[in-house]
Structure formats: C-alpha cells, structure tokens
Amino acid sequence: MKRIIILLTVALAAGRVQAREATEITKKNSRLKFGVSAGVPIGEVASTNSFMLGGELKGQLMTTPHWGIGLTSGYNHFFPKDNGDHFGTVPLGAFARYYPKSSGFFVGTDVGYSFVTGPVENTGGFMVKPQLGYHNYNWNFFAFYNGVLRSADNGGNIRRWALAPLTTFVLNNAFFIRQKKRAVRYCVRPF
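Rules behind the numbers
- Each chain has its residues counted from 1, following the order in which its sequence is written.
- Totals for whole chains, interfaces and linings use all residues, but because this is a predicted model, local features are given only for residues with pLDDT of at least 70 and pairs of side-chain atoms are given and counted only at 80 or more.
- Only heavy atoms go into the side-chain values, all of them from the structure, while hydrogens and water stay out.
- Each Phe, Tyr or Trp ring (for Trp, its six-membered ring) is paired with any other whose centre lies within 6.5 Å, and the angle between the two planes then decides the class: stacked below 30 degrees, edge-to-face above 60, tilted in between.
- Strands are runs of DSSP state E lasting at least 2 residues, helices are runs of H or I lasting at least 4, and numbering of each runs from the N terminus.
- Exposure categories follow from relative accessible area, calculated using a 1.4 Å probe and restricted to protein chains: below 20% of the type maximum is buried, above 50% is exposed, and the middle band is partly exposed.
- Think of it as a cone above the ring: NZ of Lys or CZ of Arg counts as a charge over the ring if it is within 6 Å of the ring centre and within 35 degrees of the ring normal.
- For patch building, the residue pool is restricted to those with more than 30% relative accessible area and no salt bridge; the joining distance is 9 Å between like charges and 5 Å between nonpolar side chains (Val, Leu, Ile, Met, Phe, Trp, Tyr).
- Each accessible area is a Shrake-Rupley result for a 1.4 Å probe, and residues are judged covered by the shown protein chains and nothing else.
- Salt-bridge detection follows one rule: a side-chain nitrogen of Lys or Arg within 4 Å of a carboxyl oxygen of Asp or Glu.
- Here a cavity is any set of points on a 1 Å grid over the protein atoms alone where a 1.4 Å probe fits but cannot get out, and a pocket is any open set with protein on both sides within 12 Å along at least 5 of 7 lines; a residue lines the site when it has an atom within 4 Å of a point.
- Grid points are joined across faces, edges and corners, and a volume is the space filled by probe spheres set on the points.
- Polarity classes work like this: nonpolar for Ala, Val, Leu, Ile, Met, Phe, Trp, Tyr, Cys and Pro, charged for Asp, Glu, Lys and Arg, and polar for all others, with Gly in that last group.
- Definition of nonpolar core: a set of buried residues of the types Ala, Val, Leu, Ile, Met, Phe, Trp, Tyr and Cys, connected through side-chain atoms within 4.5 Å.
- Should DSSP find at least two bridges between two strands, the strands are regarded as paired.

**Q** Even after reading the chapter, I still don't get the packing of aromatic side chains, so can you show me in this structure?
**A** Any pair of aromatic rings gets described here by the distance separating the centres and the angle formed by the planes. Tallying each qualifying case throughout the model produces ten aromatic pairs. Each ring, one from Phe-51 and one from Phe-79, has its centre 4.6 Å from the other, and the planes form 15°; the classification is stacked. Of this pair, Phe-51 sits in strand E2 (residues 49–62) while Phe-79 sits in strand E3 (residues 67–80), placing them 28 residues apart in sequence. A centroid spacing of 5.6 Å and a plane angle of 45° characterise the contact between Phe-142 and Phe-144, whose relative ring orientation is tilted. Classification of Phe-142 by relative accessible area gives buried; the value is 1%. Through a chain of ring-to-ring contacts, three or more aromatic side chains come together here, namely Tyr-99, Phe-106, Phe-142 and Phe-144. Across from the ring centre of Phe-95, 4.3 Å away, lies the NZ or CZ of Lys-58, which sits over that ring. Looking at Lys-129, its charged tip hangs above the ring of Phe-144, at a distance of 4.2 Å from the centre.

Written out as structure tokens, the structure is:
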C-alpha cells in the first residue's frame, strides 16, 4: 500500500512539474518608472514631523497582461515640527501589482527593508506599502500607506499616508543584452 501511495505521489508531482521558459524582457513588457510623493506622517512620527516629501524609482516587468513585478527604491524626507530633527528613509524592496485592465484602477504592494537616515538612534526596519491607484500606459497615480516596522527600542514605527504620481519610461531594446552582438548599450526612451 505504501508503494502505491508513493508511486501516485510521484506521478502527480511529475505531472505538475513543467518546464518553464524564462520571461524575455522587452520594451513591451518592461517599464522604468519614477516620480515624487507627498504625505502626512501618522502615529508616533506625527507628533514630531509635519509632512514628508520623497522620490521613487521602480523597474517593472509585466509577467502577464495583468501582473507586474519589480524592484523599487527611493528617498523620503520627513520635515520636523518646530526644532525637531530632520530624517529620511531609503526603501529597498520588491513589489507586485495587479492591473485588471490595460487602463484603470490597480492594487499593489511594496515589501522590503527601509534604512533610516538622520539621528543616530534611528535604525531601519521591515517596510510594507500597500497601494491603490489609477494608471494608463504613460503614468500612474496612487495613494498608499507606508509603514516601516521597528521595535520601540529602535525608535518605534514610521507610518504615513501619501499620494504619488509616477511617470513611465519604456526601456528601449538597446537596453537589453543582445546575445548575437554580445554588446550592452543603455538607452531610455520616454513615451
């Protein structure tokens, strides 16, 4: 009986294993996005900071017509109230977005680690950034919550609500490695 169960398990597993081709990165399925964000700190940070202004850079690959994944980074500066300390965050992470249609609303999230700059007692933490937005081929506009999760000993959580418009650039084919010519050229073409 054990042999039959093992054989069935192996047969089912083998049937589910498929050879997957790597997604070829082309100008039709990749985007380079950059933009600015402005927001209001909430929670513990709101007592010492009045607002936040930041910049964002995203590299996105559309794995299917509806799903985009990629890498993200940027810088966010928190402006203090009165005589407080300025500080910033530098997020490094990955993101996923779901686009139900080629133009319209989308949902997504960024996750990763956010480094904190400024006062010595500040340290980084796990970053999460759920978002809801509207998009078309050339731009995105979205609202998001951003949390940098840290222990109370490390200064507490850094949380904010913000809005961000992003401009989309399509990577030109010259950006990608051409295996035949074995040359790498970098080029960004705005749309």
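From this point, things continue past the structure.
**Q** What exactly am I supposed to notice about a nonpolar patch on the surface here?
**A** On the surface, a nonpolar cluster with roughly 690 Å² of combined accessible area is contributed by Phe-105, Val-107, Leu-132, Tyr-134, Trp-139, Phe-141 and Leu-163. Residue assignment for the nonpolar patch shows that the elements contributing at least two residues are strand E5 (104–117), strand E6 (125–135) and strand E7 (139–149). Relative to the assigned elements, Tyr-134 resides in strand E6.

**Q** Could you clarify how one ought to interpret empty space enclosed by the protein in this entry?
**A** To find leftover empty space, a probe the size of one water molecule is rolled over the atoms. Applying the stated criterion across every chain, the model contains one cavity of 30 Å³ or more. Taken as a whole, the largest cavity holds about 100 Å³ of empty space. If you go around the largest cavity, you meet 15 residues; those closest to its centre are Glu-56, Asn-76, Pro-91, Lys-129 and Arg-160. Of all the secondary-structure elements, those providing two or more residues to the lining of the largest cavity are E2, E3, E6 and E7. Per-element tally for the lining of the largest cavity: the top contributor is E3, with five residues. Class assignment of the residues belonging to the lining of the largest cavity gives a composition of four nonpolar, seven polar and four charged.

**Q** How should the nonpolar core be read in this particular structure?
**A** The nonpolar side chains of a soluble globular protein tend to be buried, and buried together. Counting residues in hydrophobic clusters, the biggest one holds 15 residues, and the most contacted among them are Val-45, Phe-78, Phe-87, Phe-142, Phe-144 and Ile-158. Elements that contribute at least two residues to this core include exactly E2, E5, E7 and strand E8 (158–171). Among the elements that make up this core, the one with the highest residue count is E8 (four residues).

**Q** Explain the pairing of strand E4 (residues 87–98) to me, please; I cannot follow it from the model alone.
**A** Note on strand geometry: in a regular strand, side chains alternate between the two faces of the sheet. Pairing of E3 with E4, which is carried by ten bridges, proceeds in the antiparallel orientation. Residue Asn-76 lies in a different strand from E4, and its bridge partner there is Thr-89. Hairpin connection from E3 to E4: six residues lie between these consecutive antiparallel strands, with Asp-82 at a positive phi of about 50°. Where E4 lies against E5, eleven bridges are found, and the strand directions are antiparallel. From the neighbouring strand, Thr-89 faces E5, where its bridge partner is Val-116. Here E4 folds back onto E5 in antiparallel fashion, the turn holding five residues.

**Q** Hey, could you run me through the pattern of salt bridges in this one?
**A** As a working rule, side chains carrying opposite charge can pair if their charged atoms are close by. Inspection of the entire model under this criterion finds four salt bridges. A salt bridge links Lys-58 to Asp-110; the nearest nitrogen and oxygen atoms lie 2.8 Å apart. Here Asp-110 lies in strand E5 and Lys-58 lies in strand E2, a separation of 52 residues in the sequence. Like Lys-58, the residue Asp-110 is buried in the burial classification. For Lys-129, the salt bridge goes to Asp-110, with nearest N and O atoms at 3.9 Å. Of the two residues, Lys-129 sits in strand E6 while Asp-110 sits in strand E5, which places them 19 residues apart along the sequence. Exposure class is identical for Lys-129 and Asp-110. Each is buried. Through salt bridges with shared partners, a single ionic network connects Glu-56, Lys-58, Asp-110 and Lys-129.

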